[in-house]
Amino acid sequence: QVQLRESGGGLVQAGGSLRLSCAASGLTFSSYPAGWFRQAPGKEREFVAGISYGGGRRQYADSVKGRFTIAKDNRNNTVALQMNSLKPEDTAVYYCAVGTPYGLESDVASRYYYWGQGTQVTVSS
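Residues numbered from 1 in each chain as written. Predicted model: local features only at pLDDT ≥ 70, side-chain atom pairs only at ≥ 80, totals over all residues. Heavy atoms only, no water.

Caption draft 1: Quick peek at the sheet that holds strand 8 (residues 78-83). Pairing is antiparallel across the open sheet formed by four strands, whose spatial order is 1-3-8-7. In the strand order of this sheet, the two ends are held by strand 1 (3-7) and strand 7 (68-73), each with one partner. The mean inter-strand angle of the sheet, taken between neighbouring strand axes irrespective of direction, is 15°. Judged from the six bridges that link them, strand 7 and strand 8 form a sheet pairing that is antiparallel. From the neighbouring strand, Ile70 faces strand 8, where its bridge partner is Leu81. (Pairing = 2+ DSSP bridges. Helix = DSSP H or I, 4+ residues; strand = E, 2+ residues; numbered from the N terminus. Axes fitted to C-alpha atoms, helices over the stretch in contact; angles between N-to-C directions.)

Caption draft 2: Examining the environment of Arg5 more closely. Residue position: Arg5 is located in strand 1. A relative accessible area of 54% places Arg5 in the exposed class. Remark: the alpha-carbon pair of Arg5 and Phe47, spanning 42 residues in sequence, is separated by 18 Å. Dropping the residues within four chain positions of it, Arg5 is found in contact with Ser21, Cys22 and Ala23. A distance of 2.2 Å separates the side chain of Arg5 from the side chain of Gln3, its partner in a polar contact. (Buried < 20%, exposed > 50% of the residue type's maximum accessible area, 1.4 Å probe, protein only. Contact = heavy atoms within 4.5 Å. Polar contact = N/O pair within 3.5 Å; in protein donor to acceptor, adjacent residues only side chain to side chain.)

Caption draft 3: Quick peek at the packing of aromatic side chains. In total, this model carries six aromatic pairs according to the counting rule given. Ring plane angle 75° and centroid distance 5.6 Å describe the contact between Phe37 and Phe47, whose orientation is recorded as edge-to-face. Of this pair, Phe37 sits in strand 4 (residues 34-39) while Phe47 sits in strand 5 (residues 46-51); the two residues are ten residues apart in sequence, bridging distant segments of the chain. For the pair shown, Phe37 and Phe47 are each scored as buried. Consider the rings of Tyr113 and Tyr114, whose centres lie 4.7 Å apart with planes at 85°: the pair is edge-to-face. (Phe/Tyr/Trp six-rings, centres within 6.5 Å; stacked < 30°, edge-to-face > 60°.)

Caption draft 4: Examining the side chain of Ser106 more closely. With respect to the element layout, Ser106 can be found in the loop between strand 9 (92-98) and strand 10 (114-115). Relative accessible area serves as the criterion here: at 9%, Ser106 is assigned to the buried category.

Take a look at the structure:
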């Protein structure tokens, strides 16, 4: 019943921008912290950004800090990831996830319970 659906991925030139969106259903979205993770071929899934259930706190991986912005829209049950100044090393499948109701945002994948199917982001040089 709980579903997270990512959208907005695609192919972009280095230096360009993309905005990913994740639509959640089947849960009281405002109660859940959310996050974005990514996984490149042959690599383990890594944390990208997290946001508190109310949207007031954010954290980012050092590799994307200053370039990416996470935002949570509890009215529309979505969490977005604005990606600017994209680099080829940002190429990966991006996943959104939600954690425990009223829990803390986290950079650890195991702290997130529900996951989307992922959306491919490819940054060309």
